[in-house]
Number of protein chains: 2
Amino acid sequence: MELVKVALDAMGGDNAPGAIVHGAIEAVKAREELFVYLVGQTEAIKAELNKYSGYDEKRVEIVEAPDIITNDEAPVDAIRHKDNSSVVKALYLVKNGQADAIVSAGSTGALLVGGQLIIGRIKGVRRSPLAPLIPTLDGVSLLLDCGANVDAKAVDLVQFAKMGSIYMENIMGVKNPKIGLVNIGVEEEKGNSLVKETYPMLKNSNDINFIGSVESREIPYGAADVIVTEAFVGNVIIKLYEGVAGALLKRVKEGFKSTPVSIMGAALAKPALKKTLKGFSIKEYGGAPMLGLKALVVKSHGNSDYVEIKNSLIQCIDFKKQRINEKIEENISANSEVSK
Amino acid sequence: MELVKVALDAMGGDNAPGAIVHGAIEAVKAREELFVYLVGQTEAIKAELNKYSGYDEKRVEIVEAPDIITNDEAPVDAIRHKDNSSVVKALYLVKNGQADAIVSAGSTGALLVGGQLIIGRIKGVRRSPLAPLIPTLDGVSLLLDCGANVDAKAVDLVQFAKMGSIYMENIMGVKNPKIGLVNIGVEEEKGNSLVKETYPMLKNSNDINFIGSVESREIPYGAADVIVTEAFVGNVIIKLYEGVAGALLKRVKEGFKSTPVSIMGAALAKPALKKTLKGFSIKEYGGAPMLGLKALVVKSHGNSDYVEIKNSLIQCIDFKKQRINEKIEENISANSEVSK
């Protein structure tokens, strides 16, 4: 059996290295084809590893990296100069072919920059979008780009749509995924200049199931499987999703706590409520892939717990088995006239 | 006492003319300085008026307008050709000086176009933003631009910030309102090219209290009193606000209904919950003004009830009394080097 090898940034994220190492152990136990490099400070990682037993130790290996890149550092500088940081070491394991993919819960900026500079883009891919899954009443949608590639062009958005379609079909099992373009109205003539230029190009793309414009109001109801937009808007959407949900649930909690009767009511209603709200958490769906790079780069949330790390690692197995990158490369080179 | 005269589109909105006429009656009863032109189909309006008594009939006047502009019509065409529509007639009452302001719950597009074409902008104002109030855990924030002026420039955003500041200070009574620029990070160097160009211009504006970039995640928590962005992003924000809140509350309701115990709990908790959630409804705060026009144009929600119409009419009184337009004109002409 061929192993899928993942370089895991053991020092990235609010709960590192504890939750990271824990997630690795659980993932290795769950999937026998997984091999994990734990990249970071050897002593700290060892201390965590000692807490676990009953896993296949041959599929876990520590790679020493004394430095850490924090969220406060300028990403480009940090990637260029901190050669001994856990994330740079992990990226080089992938670049050198020792690992198939990288997972990090550390600085998003550093990972985005490092992914492009060290691992590099697939030939023909113009930009590499960060593509988180967002919860909807219907299941999940893939939102891309949520990264830092602001001021994208129409040809970039068309590539995002195609890569997103391949991902949703092969990783999430959605047949013929519906592709929607974020817009401020549903009519074809609506929108800013970027959207007006992108719309007909998506409409004329025969290899995707473009359903037209999607207003942001409809996104939480599952309007499309793949939601295409440029990074500034995508970033606003994903953070506002989190913000509105957080603020509203705070108000619900305040309501529950406000009177003796409401406290009693809340106690009765909570178990059922937890169930229906569970699927509507932005953190439920593991890390976000950066698509279009020569290897898979997965960004887990900064406050990832071990379950999210485990899911992010398992995602790497599916990504390789489903040959996502080969499919992206075939599609993009077949459409190379678009990507010029 | 000087009357404030408002041209009210009696035929606009899902609940017209019933809720519109009802709102006018309530507003006229509440404020003795208010005069309302009910613009629309005379017979239909009369039938509604006959339901009410005890109001000052001298301050309500019907203006016949047989046509209606629907949401399905192309706004520019409709405004240019439907001279006998309620909204065009109402706009001309303002243009001709018979009315001080217009309120409509009809087609947003038609009102935005008509406001610019028929009423026109204040000298020096480059664009007229639609500026709804959005609920936050802290109170409300003014979000602008949410209109259809896509592809705005940095100088436009600076004017939005100034007009928004004047509005929040004088209408909402917020001293020295905090102005935030929507961005994808809080650092000054973050953002797309529009934001990077706008940021230093806002920073150098001495007549506003610019607090820097605001990430969308923080908006629902009341990060700033005035949230500045271009219309595409503003439109995405306001519609997503509505969408996420709606979807989440749907899940809460499903949870409440899911078991006999949760139904009992919900019955106990609901009264308290209604109270804490009340302030967090996007519809609570009446119509959205279009700022920078020669007279006040207020867009009420399509599904406005009579309370929202009443509040929109009363808003027109404050707008005139506080001399908002004079203040905007003074500010913009004092900064005319910016608006070139």
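What comes next is a walk through the structure.

What counts, and where the lines are drawn
Here the residue index of a chain counts from 1 through its sequence in written order. Labels are handed out in written order, letters beginning with A for the chains and numbers beginning with 1 for the ligands. Where totals are concerned, whole chains, interfaces and linings use all residues; where local detail is concerned, this predicted model gives features only for residues with pLDDT of at least 70, and gives and counts side-chain atom pairs only at 80 or more. Derived side-chain values reflect all non-hydrogen atoms in the structure, with water molecules and hydrogen atoms excluded from consideration. By definition, any uninterrupted DSSP run of H or I lasting at least four residues is a helix, any uninterrupted run of E lasting at least two residues is a strand, and each is numbered from the N terminus. A 1.4 Å probe rolled over the protein chains alone gives each residue an accessible area, and that area as a share of the maximum for its type sets the label: buried under 20%, exposed over 50%, partly exposed in between. When charges are counted, Lys and Arg are positive and Asp and Glu negative, with His and the chain ends excluded. Put simply, a salt bridge is a Lys or Arg side-chain nitrogen that is within 4 Å of an Asp or Glu carboxyl oxygen. The definition of a polar contact used here is a pair of N or O atoms within 3.5 Å, where within protein one atom must be able to donate a hydrogen and the other to accept one, and adjacent residues in sequence count solely through side-chain atom pairs. The contact criterion used is simple: two residues touch if any of their non-hydrogen atoms lie within 4.5 Å. When two parts are brought into contact, each loses some accessible area as probed by a 1.4 Å sphere; the total of that loss over both is the buried area. Axis lines are fitted to C-alpha atoms, over the contacting stretch for helices. Their N-to-C directions set the angle, which ranges from 0 to 180 degrees. Reported orientations rely on four angle classes, namely roughly parallel under 35 degrees, roughly antiparallel over 145, roughly perpendicular from 65 to 115, and oblique for the rest. Two helices that cross are described as forming a left-handed crossing if the nearer one is turned anticlockwise from the farther one by less than a right angle, and a right-handed crossing if clockwise. Pairing of aromatic rings covers Phe, Tyr and the six-membered ring of Trp, with a centre-to-centre limit of 6.5 Å; geometry is then stacked below 30 degrees between planes, edge-to-face above 60, and tilted otherwise. For a Lys NZ or an Arg CZ to count as sitting over a ring, it must be within 6 Å of the ring centre and within 35 degrees of the ring normal. Here, a strand pair is defined by DSSP locating no fewer than two bridges between the strands.

### Let's talk about the side chain of Glu308(A)
All names here are of chain A.
Right, on to step 1. Positionally, Glu-308 belongs in helix α10 (residues 306–321).
Right, on to step 2. No salt bridge is formed by the buried Glu-308; its nearest oppositely charged neighbour, Lys-299, is found at 7.2 Å.
Right, on to step 3. Of note is the side chain of Glu-308, whose polar atom sits 2.8 Å from the side chain of His-301.

### Section: the interface of chain B and chain A
Right, on to step 1. Opposite the 53 residues of chain B that make contact, chain A presents 53 residues.
Right, on to step 2. For the pair chain B and chain A, the summed buried area comes to about 5000 Å², and 74% of that belongs to carbon and sulfur atoms.
Right, on to step 3. One can count 4 salt bridges joining chain B with chain A.
Right, on to step 4. Of the charged contacts in the structure, one is a salt bridge between Glu242(A) and Arg217(B), with a shortest N-O distance of 3.1 Å.
Right, on to step 5. On inspection of chain B and its partner chain A, the count reaches 18 residue pairs in polar contact (both at pLDDT 80 or more).
Right, on to step 6. Listing elements by their share of the side of chain B that touches chain A, those giving two or more residues are β7 (178–183), α7 (193–203), α8 (231–257) and α9 (260–278) of chain B.

### Details of unusual backbone geometry
Residue and element names in this part refer to chain A.
Right, on to step 1. Here the bond from Leu-144 into Asp-145 is cis, since omega is 15°, no more than 30 degrees from zero.
Right, on to step 2. Its identity as a non-glycine residue notwithstanding, Asp-151 has a phi of 60°, on the positive side.
Right, on to step 3. Counting through the fold element by element, Asp-151 comes out in the loop between β6 (139–144) and α6 (154–170).
Right, on to step 4. Phi is positive for Asn-176, close to 50°, though the residue is something other than glycine.
Right, on to step 5. Looking at where Asn-176 falls in the secondary structure, it is placed in the loop between α6 and β7 (178–183).

### Here we look at the packing of α6(A) against helix α7 (residues 193–203) of chain A
All names here are of chain A.
Right, on to step 1. Between α6 and α7, whose axes approach to 9 Å, the crossing angle comes to 45°. Considering their axes alone, α6 and α7 lie oblique with respect to each other. Considering only the axes of α6 and α7, their crossing is right-handed. Contacts between α6 and α7 pair Ala-154, Val-155, Leu-157, Val-158 and Ala-161 from the former with Leu-194, Glu-197, Thr-198, Met-201 and Leu-202 from the latter.

### Remarks on the packing of aromatic side chains
Right, on to step 1. The tally for this structure, following the rule as stated, stands at 7 aromatic pairs over all chains.
Right, on to step 2. Their ring planes at 45° and their centres at 6.3 Å tell us that Tyr167(A) and Phe319(A) sit as a pair that is tilted. On the criterion of sequence distance, the pair formed by Tyr167(A) in helix α6 and Phe319(A) in helix α10 is long-range, its members being 152 residues apart. The pair formed by Tyr167(A) and Phe319(A) is uniform in burial state, with each residue classed as buried.
Right, on to step 3. Taking the ring centre of Phe35(B) as reference, the NZ or CZ of Lys5(B) above it sits at 5.1 Å.

### Focus: the sheet that holds strand β10 (residues 288–290) of chain B
The pairing of strands in a sheet comes from backbone hydrogen bonds and takes either a parallel or an antiparallel form.
Residues and elements named next belong to chain B.
Right, on to step 1. As summarised here, the arrangement of the 6 strands in space is β3-β2-β1-β4-β11-β10, forming an open sheet in which the pairing is mixed. Of all the strands in the sheet, the pair left with one neighbour each is β3 (60–64) and β10. Direction aside, the axes of adjacent strands within the sheet are offset by 25° on average.
Right, on to step 2. When strand β1 (residues 4–9) meets strand β4 (residues 101–104), the two strands line up parallel, connected through 3 bridges. Its bridge partner being in β4, Leu-8 is matched across the sheet by Val-103.
Right, on to step 3. Its contacts with the sheet put helix α10 (residues 306–321) on β1, β2 (34–40), β4, β10 and β11 (296–299), and the angle it makes with β1 is roughly 145°.

### A few points about the sheet that holds β7(B)
All names here are of chain B.
Right, on to step 1. Strands sit in the order β5-β6-β9-β7-β8 across an open sheet of 5 strands; the sheet is mixed. Single-partner strands in this sheet number two, and they are β5 (133–136) and β8 (209–215). Taken pair by pair, the neighbouring strands of this sheet meet at an average axis angle of 30°, ignoring direction.
Right, on to step 2. As defined by bridge partners, β5 adjoins strand β6 (residues 139–144) across 4 bridges and the pair is classed as antiparallel. Bridge pairing in β6 places Thr-136 opposite Gly-139.
Right, on to step 3. Strand contacts of helix α6 (residues 154–170): β5, β6, β7 and β9 (226–228), with the helix running at about 150° to β6, the strand carrying the most contacts.

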